[in-house]
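Summary of structural features
Below are the chains, spelled out letter by letter.
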Amino acid sequence: MYGPHNTSEAADVVAEGAVPSQSSLSSSPSPLSSLASTFCPSAPSSRHIIERLPRMLNFRVEYRQRTVELVLEEGSTVGEIKQILETELGVPVSKMQLKGWKSGDVSDSTVLRSLHLPRNVSLYVLTPDIAPTASTSKNSSLPDSLNQNFLLVISHHEAQRDYSLNFPGSRTIQEVKRNVSDLTNIPVRHQQWEGWPASASDDSITLAASGITYPCHHLTVCRRSSPANAQEPTEECTDVHMISDSEGDDFEDASEFGVDDSEMFGTGASGCRKTPMMPENSENEGDALLHFTAEFSSRYGENHPMFFIGSLEAASQESFYGKARERKLLAIYLHNDDSVLSNVFCSQMMCADSIVSYLSQNFITWAWDVTKEANKARLLTMCTRHFGSVVTQTIRTYKTDQFPLLLIVMGKRKCCRFITCPIVATLLLSGNTTVDELMMRLMGAMEIFTAQQQEDIKDEDEREAREMVKREQDEAYRLSLEADRKKREAQEREEAEQVRLEQMRKEQEEEKEAIRLSLEQTLPPEPGEESMEQISKLRIRTPSGEFLERRFLGSCKLQVLFDFVASKGYPFDEFKLLTTFPRRNITQLDPGSTLLEAKLFPQETLFLEAKE
């Protein structure tokens, strides 16, 4: 069959990504990793294509209130970027710190190719030795700052991990701390911070008004062991240690009152402050997706991927089974409200402008909420029906705290009859994944898909060309048959007409013959030479050169002469009878006059001539 069907025998699974704990990766292999080694064929390589032209990298560099966009070859060095920035920003290279590299600080001689960068890279410049000017100081207009994006590099002491989070200037400090709570599992009231400016003592103020460094600010967070350990800010330092929200509380843990932290802050499974992303046991998948989209917009804003409204089967049909040029990758986002990573992933990743734009242009994005067991079971049933049991088993192995998941599904071209069956590439994304990492993985999947799509387009064009030739041949054959049919019909009509004319001719001849015989029988007998009456001997020359001779009584009417000529096959209405000299047209005389009166006595030579 051409439509979706169980292709567990042919489905390939590619595993990428990380789970929240690095130690868990080293202790036990990911289920997808073992599946990938068994089922995943080698992906089509585009290395030979890439080597033909130098790979270009797009850099977006932010410095205070300015943004510089650069395009360099992969073979360039970090020092060359700084030299260009020195010209654009007027900042000496010696006083410039170029930050934002994923591998940490790099030297000026480092070649960009060795950093394995994605195509689009965001960096920022720090100049601690250069004081801000009036236009870039904290006194710059607040409305402009509200529209800027701040990069917060947050170090988590206990986990020994760094989180790079982008927030708009309109986001409050309280909202930042709640997101970090989802990420680190440290309740807001137990968070102890380092790095906030003294002006950021009120959690209700926005980042733009907090006095943090633009475009990047470094912070540190850890779990507070005791409220007494919180340190008071000092006048000598602009950065203060900060204990969030409930510094003066008399109780150490919410468990003293029989309440779980996750319930108090709405992140646990039993939290009742959130409307479910998707109703349980919804009869119609389209209605469930409409509810999911509305709730996603309510929580995270209108700037998010355009989710496909319809069944998974319909999304697969639109993604896999159209024209090769119109096919797209299928991105399946699986949400779980019980995971502490969901809020951060949705707000930081799924709502990032670059991710939203890239998914909208290159993917069909379908979403599902697996928070409820009934909805998860329904998803597994759909995946088994459309993608096979391997994919279903892969999803089933992931625990709640490993969500959300983003599955990338593409159609795999078969060698025979160009039948498409799904291949699934799974990107496992934890909440601390950066936008650049997500973009790099999406672009990697897109490169594989593009290479395959080009082959499909080539095969489809060749197939359409063959079909076009066949259609043209069939049309030429049809036109030939039509021409032969018309020619045959024309010949048949001509033959029928000839038969009809021949029949008419025969009928006319038979009629003429009947008239001739009738006239011949009515003629008076020819008088003999010895007759005593006046006899006129007439000699008549026919058009064929023959002569008709007969004797007539001089008293015979001209009509008798005309009947004689007609009895010989020369009817009166077709031929005229003429004398030789003087030339007279006898047929114009009165048929009732006699031969004597017509002066055809005693003999005369006449000739017949056809009438015009």
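The sections below set out a description of the structure shown in this document.

Calculation rules
Residues numbered from 1 in each chain as written. Predicted model: local features only at pLDDT ≥ 70, side-chain atom pairs only at ≥ 80, totals over all residues. Heavy atoms only, no water. Pairing = 2+ DSSP bridges. Helix = DSSP H or I, 4+ residues; strand = E, 2+ residues; numbered from the N terminus. Phe/Tyr/Trp six-rings, centres within 6.5 Å; stacked < 30°, edge-to-face > 60°. Buried < 20%, exposed > 50% of the residue type's maximum accessible area, 1.4 Å probe, protein only. Lys NZ or Arg CZ within 6 Å of the ring centre and 35° of its normal. Axes fitted to C-alpha atoms, helices over the stretch in contact; angles between N-to-C directions. Contact = heavy atoms within 4.5 Å. Salt bridge = Lys/Arg side-chain N within 4 Å of Asp/Glu carboxyl O.

Looking at the pairing of strand E18 (residues 603-610)
Examined bridge by bridge, strand E15 (residues 535-541) and E18 share five bridges and lie parallel to one another. Along E18, the bridge assignment pairs Lys537 with Gln603. Both strand E17 (residues 575-579) and E18 contribute to a ladder of five bridges, which runs antiparallel. Note on E18: the bridge partner recorded for Lys576 is Glu609.

Overview of the packing of aromatic side chains
For the structure shown, the criterion picks out 14 aromatic pairs. With centroids separated by 5.3 Å and ring planes inclined at 80°, the aromatic side chains of Phe150 and Tyr214 adopt a geometry described as edge-to-face. Remark: Tyr214 occurs in the loop between helix H7 (207-210) and strand E9 (216-223) and Phe150 occurs in strand E6 (residues 149-156); sequence separation between them is 64 residues. A single burial state applies to Phe150 and to Tyr214, both of which are buried. Here a set of aromatic residues connected by ring pairs shows up, and it is made of Phe292, Phe296, Tyr300 and Phe307. One Lys or Arg, Arg550, reaches over the ring of Phe552 and ends 4.8 Å from the middle of that ring. Here Lys611 stacks its cationic end above the ring of Phe572, 5.0 Å away from the centre of that ring.

So, the sheet that holds E17
Read across the open sheet, the four strands follow the order E16-E15-E18-E17; overall the sheet is mixed. At either end of the open sheet lies a strand with only one pairing partner, and these are strand E16 (547-553) and E17. On average, each strand axis in the sheet is inclined to that of its neighbour by 30°, with strand direction left out of account. Of the strand pairs in this sheet, E15 and E16 are connected by seven bridges, and their pairing is antiparallel. Of the residues in E16, the one forming a bridge with Ser536 is Phe552. The sheet contacts of helix H16 (residues 558-567) involve E15, E16, E17 and E18, and relative to E16 the element is tilted by about 150°.

Side note on the pattern of salt bridges
All told, the structure shown has 29 salt bridges when counted by the stated rule. One salt bridge in this structure joins Glu464 and Lys323, with 2.9 Å as the shortest N-O distance. Separated by 141 residues along the polypeptide, Glu464 in helix H15 (residues 435-522) and Lys323 in the loop between helix H10 (312-320) and strand E11 (329-335) bring together distant segments of the chain. Among the residues examined, Glu464 registers a relative accessible area of 30% and is labelled partly exposed. Owing to a relative accessible area of 43%, Lys323 belongs among the partly exposed residues under this scheme. In this structure, Glu526 engages Arg551 in a salt bridge whose closest nitrogen and oxygen atoms are separated by 3.9 Å. With a gap of 25 residues between them, Glu526 in the loop between H15 and E15 and Arg551 in strand E16 connect regions that are remote in the sequence. Overlapping salt bridges bring together Arg55, Glu74 and Arg113 as one network.

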